[in-house]
Amino acid sequence: MFFKLALRNVRRSFRDYGVYLLTLTFGVCLFYTFNSLEGQGAMVYLAQNGSPMVEVIQACISIFSVFVAVVLACLILYANRFLLRRRKRELGTYLLLGLGQGQVSLVLVLETGLVALVSLVLGLGLGVLASLGLSQLTLSMFQISMDGMLGLHFSPAAAGKTILYFGLIFLLVMLLSGVQVSRSKLLDLMQGDRRNEPLRQRSLTWAVFQCVLGVVCLGVAYVMLLTFGMMILAMPMLCVPMLALGTVGTLLIFRSLSGFVLRLAQSHPGFYYKNLNLFTLREWMSKVHSTYLAQTVICILLLLAMGITASSIGLNSTLDALAQDQAPFDITIQNQNGDERQVDFDGELNAAGFDTSEKLSWQRDFLIYYGDTAVTGLYSSGVISLTDYNALRERQGESPYTGTLPASIPWEEVCRLVNGGLGMDMVVVDDTMLDQLEVRRQIWVADYAGDAEETEADLVSALTELPQTCLTRTESRLMLYQELVGNKILALFLGLYLGITFLLAAAAVLALQQLSQGADNAGRYAILRRLGAQESMVSRCAVEQVALAFLLPLALALIHSVVGMKAANDFIAQAGKVDALQSTAVTALMLLVVYGGYFLATALACRRLALQGTGARR
């Protein structure tokens, strides 16, 4: 009997509280997706190339998964508390019908178990598909061949970990639900419907003062961040006050809204008394005064979601530019034996079966000499001829050097002359001066004609035929890129993991609040209907309240994120190029899908509750 009752309640609740199941399903999907990284295409690529970043990434994800699990646990407990509050009258009715508190608690435990089972099955199924999508997204952002790396992959280890973590969360939900019901009195349950907070008129002067003070606090926090940049995070004496001012400023702005927005609307009768604006504003303002703390937290969560996601995406293009600067050629080999044992790289490679004319599009063999102040007139560790210097510049798309000689080469250009840099001060001299200098090292640089991975594998195999006494150092663009890929994947995965988690938490909390308030307002909508309000007006009124609740924290979070991303981009730009367009586009898409999806689902649910309250057909 209890199981049938629980099953009926779950089926009925899915329609009224589908957002709750949606949140649970998304939580399971998110947790599984980022814990099944061993099947991700980019991770497979790193593992195939023996990158040590595989273990680092998995370790970091495991650590952050504990934090994400705590966030999701708090979110699920918060949602469950809202649902229990909405069902107090129902639970009280069970007690009136003769069920004991232990039996009512058993029904709740069975309901929680059924919801957990459904959400786990749906979440794991979606997680498998999301893993494929994340793998494709990741590979599309990297210069990696995707052949054979895409495909559906189910990770038993990730599924087991997900079931374990969420099983513990649902056990906690069952325990707390049972305790809450067992401690509730029948009278409290039967009178459990929430009432609107009395709308107290607040001093307009005080409200405006709070708003102005909030704007000033935010302005000071913005100035501190833009002045010191992201380095302020390493300065606790400045970072803590900045974060405190930003939080207090956000709190004061939301707190001041209920003091002057309604007064401002009342000063424009044409707007205030149009349609159901009067009812919409008064209902919304009565909730703002009691929920400004939640609005502040939601705004901060949205800021973290947008900032972390955009920064992780923007860092991707920066690392790409960094790889290009550090590896201007496909491969560089430095023979560090000096003048004693120079190597004929072209001849040796051809002799080893590597056809340089077919597999290389360009190559150059040149020498670096020891610096001699008596000869060049300039202090330096190394010297390069003008001919070789201009050949390297032209290959990189730069114009030949036509200035006076000898000349010191700027350090940032020395770092881009060959793969991995030369690690020494350099001077360029006329070719006629080389006879007076001693050879320091021989360098061979080349670009591939065909597939980079296949060509490099053949080249590395041929290099093993070089004389064993030859002391060489090999730096390839592919090797460097493989090292950077690990850092890019780590930054991208952690950024998306935390960003989506914070966004999911903010959207779910808002949705649950609005659903609860929509159910509270059902009786009021019925009264409006009896007073002559049309169904279309009632429907629009319900949607407008949801829109106000979702858009206000988002608007302030967008202002915060613009300032924060300006500081973050300036910091990232010190290391390389910042692709603000790509990071903005991906972040906007994530907001549209997750936050917009929750808004749409909540608006439709509240609209249905409003029409249900009016007795209209749904």
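Refer to the preceding data block for the structure.
Points about the overall build of the chain
Then, in step 1: Check the secondary structure of the chain and you find 22 helices and seven strands.
Then, in step 2: Across the 618 residues of the chain, 51% fall into the buried class.
Then, in step 3: Pairs at least 24 apart in sequence give 83% of the contacts found in the chain among residues at least 6 apart.
Then, in step 4: For the chain, the computed accessible surface area is about 28,300 Å², with 63% contributed by carbon and sulfur atoms.

Observations regarding the environment of A244
Then, in step 1: For A244, the location among the structural elements is in helix α10 (residues 236–266).
Then, in step 2: A relative accessible area of 39% places A244 in the partly exposed class.

Side note on the nonpolar core
Then, in step 1: Counting 93 residues, the largest nonpolar core has I57, F166, L302, F493, Y595 and Y598 as the members making the most contacts within it.
Then, in step 2: Among the elements that take part in this core, helix α19 (residues 477–520) stands out by supplying 22 residues, more than any other.

Digging into the packing of aromatic side chains
Then, in step 1: By the definition in use, this model includes twelve aromatic pairs.
Then, in step 2: Ring centres 6.1 Å apart and planes at 25° place the aromatic pair Y32 and F154 in the stacked group. Pair noted here: Y32 is in helix α2 (residues 18–35) and F154 is in the loop between α6 (101–140) and α7 (156–182), with a separation of 122 residues, a long-range link.
Then, in step 3: With centroids separated by 5.6 Å and ring planes inclined at 65°, the aromatic side chains of F550 and F599 adopt a geometry described as edge-to-face. Of this pair, F550 sits in helix α21 (residues 535–573) while F599 sits in helix α22 (residues 580–614); the two residues are 49 residues apart in sequence, bridging distant segments of the chain.

Let's talk about the sheet that holds strand β2 (residues 360–370)
Then, in step 1: Across the sheet, which stays open at both edges, the seven strands sit in the order β4-β5-β3-β2-β6-β1-β7 with mixed pairing between neighbours. In the strand order of this sheet, the two ends are held by β4 (407–408) and β7 (472–476), each with one partner.
Then, in step 2: Across five bridges, strand β1 (residues 331–335) lies against β7 in antiparallel orientation. Bridge assignment links Q334 to a residue of β7, and that residue is R473.

As for the packing of α19 against helix α20 (residues 522–530)
Then, in step 1: For the pair α19 and α20, the least separation of the axes is 4 Å and the interaxial angle reads 45°. The pairing of α19 with α20 is recorded here as oblique in orientation. Side by side, α19 and α20 meet where G518, A519 and D520 of the first sit next to A522, G523 and R524 of the second.
Then, in step 2: By residue class, the composition of the contact of α19 with α20 is two nonpolar, two polar and two charged.

Points about the layout of surface pockets
A probe matching the size of a water molecule, rolled over the atoms, marks out where space remains unfilled.
Then, in step 1: What the largest pocket holds in volume is close to 780 Å³.
Then, in step 2: If you trace the largest pocket, you find 25 residues lining it, with L225, L243, L303, L304 and G564 closest to the centre.
Then, in step 3: Secondary structure elements with two or more residues in the lining of the largest pocket: α9 (204–228), α10, α12 (277–326) and α21.
Then, in step 4: With eight residues, the top contributor of residues to the lining of the largest pocket is α21.
Then, in step 5: Of the residues contributing to the lining of the largest pocket, the split by class is 17 nonpolar, eight polar and no charged.
Then, in step 6: Put simply, the second largest pocket is a space of about 650 Å³.
Then, in step 7: If you trace the second largest pocket, you find 20 residues lining it, with A130, I500, M590, V593 and V594 closest to the centre.

Some words on the pairing of β2
Then, in step 1: Taken together, the nine bridges between β2 and strand β6 (residues 439–448) define a ladder with antiparallel strand orientation. For W362, the partnering residue across the bridge sits in β6 and is D447.

Remarks on a nonpolar patch on the surface
Then, in step 1: A cluster of nonpolar side chains, namely V208, V212, V216 and V220, defines an oily patch on the protein surface of about 290 Å² accessible area.
Then, in step 2: With respect to the element layout, V212 can be found in helix α9.

Observations concerning the pattern of salt bridges
Then, in step 1: Inspection of every chain in the model, using the stated rule, returns eight salt bridges.
Then, in step 2: Residue D458 pairs with K359 through a salt bridge whose shortest N-O separation is 3.0 Å. Placement of the pair is D458 in helix α18 (residues 452–463) and K359 in helix α14 (residues 356–359), with a sequence separation of 99 residues.
Then, in step 3: By relative accessible area, which is 32% here, D458 ends up partly exposed.
Then, in step 4: For K359, a relative accessible area of 22% corresponds to the partly exposed category.
Then, in step 5: A salt bridge links E475 to R473; the shortest N-O distance between them is 3.8 Å.

Considerations on α19
One turn of the α-helix equals 3.6 residues, which is why residues spaced by three or four share an orientation.
Then, in step 1: In this model α19 runs 63 Å from its N-terminal to its C-terminal C-alpha over 44 residues, within 8% of the 64 Å that 1.5 Å per residue would give.
Then, in step 2: Across the 44 residues of α19, 39 count as buried, placing the element largely inside the fold.

Description of α18
Then, in step 1: Over its twelve residues, α18 runs 16 Å from end to end, which matches the ideal 16 Å to within 8%, given 1.5 Å per residue.
Then, in step 2: If you check which residues of α18 are buried, you get T455, E456, L459, A462 and L463. The arc that holds every buried residue of α18, seen down its axis, measures 120°, which confines them to one face.
Then, in step 3: Along its buried surface, α18 packs onto β1, α13 (345–351), α14, β6, β7 and α19.
Then, in step 4: The N-cap of α18, judged by a side-chain oxygen 2.9 Å from the amide nitrogen of E454 a few residues on, is D451.

Considering a negative patch on the surface
Then, in step 1: A grouping of D344, D346, E348 and D365 is seen on the molecular surface, where their side chains present a negatively charged patch.
Then, in step 2: Take D346: it is sitting in helix α13.
Then, in step 3: The partly exposed category is assigned to D346, whose relative accessible area is 30%.

Some points on the side chain of T455
Then, in step 1: With respect to the secondary-structure elements, T455 resides in helix α18.
Then, in step 2: What T455 contacts, discounting residues up to four positions off in sequence, is F354, K359, Y448 and G450.

A short note on unusual backbone geometry
Negative phi characterises most residues that are not glycine, and trans characterises most peptide bonds.
Then, in step 1: With an omega of -10°, the peptide bond between L405 and P406 qualifies as cis.
Then, in step 2: Tracing the sequence through the fold places P406 in the loop between α16 (386–395) and β4.

Observations concerning the environment of R473
Then, in step 1: Secondary-structure assignment places R473 in strand β7.
Then, in step 2: Considering only alpha carbons, one finds R473 and T332, 141 residues apart in sequence, at a separation of 8.1 Å.
Then, in step 3: With near-sequence residues (within four places) excluded, R473 lies in contact with T332, I333, Q334, Q336 and G421.

Things to note about the pairing of β1
Then, in step 1: Most of β1 sits inside the fold, with five of its five residues counted as buried.
Then, in step 2: Because side chains alternate across β1, one face comprises the buried residues I331, I333 and N335, and the other comprises T332 and Q334, equally buried.
Then, in step 3: In this structure, β1 lies alongside β6, joined through five bridges in antiparallel fashion. Note on β6: the bridge partner recorded for I331 is A446.

Reading the values: the criteria
- Residues numbered from 1 in each chain as written.
- Predicted model: local features only at pLDDT ≥ 70, side-chain atom pairs only at ≥ 80, totals over all residues.
- Heavy atoms only, no water.
- Helix = DSSP H or I, 4+ residues; strand = E, 2+ residues; numbered from the N terminus.
- Buried < 20%, exposed > 50% of the residue type's maximum accessible area, 1.4 Å probe, protein only.
- Contact = heavy atoms within 4.5 Å.
- Areas by Shrake-Rupley, 256 points an atom, 1.4 Å probe, with all protein chains shown as cover.
- Core = buried A, V, L, I, M, F, W, Y, C linked by side-chain atoms within 4.5 Å.
- Phe/Tyr/Trp six-rings, centres within 6.5 Å; stacked < 30°, edge-to-face > 60°.
- Pairing = 2+ DSSP bridges.
- Axes fitted to C-alpha atoms, helices over the stretch in contact; angles between N-to-C directions.
- Parallel < 35°, antiparallel > 145°, perpendicular 65-115°, else oblique.
- Nonpolar A, V, L, I, M, F, W, Y, C, P; charged D, E, K, R; others polar.
- 1 Å grid on protein atoms, 1.4 Å probe; cavity = no way out; pocket = protein on both sides within 12 Å on 5 of 7 lines; lining within 4 Å.
- Points joined across faces, edges and corners; volume = space filled by probe spheres on them.
- Patch = residues over 30% accessible without salt bridge, like charges linked within 9 Å, V, L, I, M, F, W, Y side chains within 5 Å.
- Salt bridge = Lys/Arg side-chain N within 4 Å of Asp/Glu carboxyl O.
- Expected span 1.5 Å × (residues − 1).
- Arc of directions from axis to C-beta.
- Polar contact = N/O pair within 3.5 Å; in protein donor to acceptor, adjacent residues only side chain to side chain.
- Lys, Arg positive; Asp, Glu negative; His and termini not counted.
- Charge placed at Lys NZ, Arg CZ, Asp CG, Glu CD.

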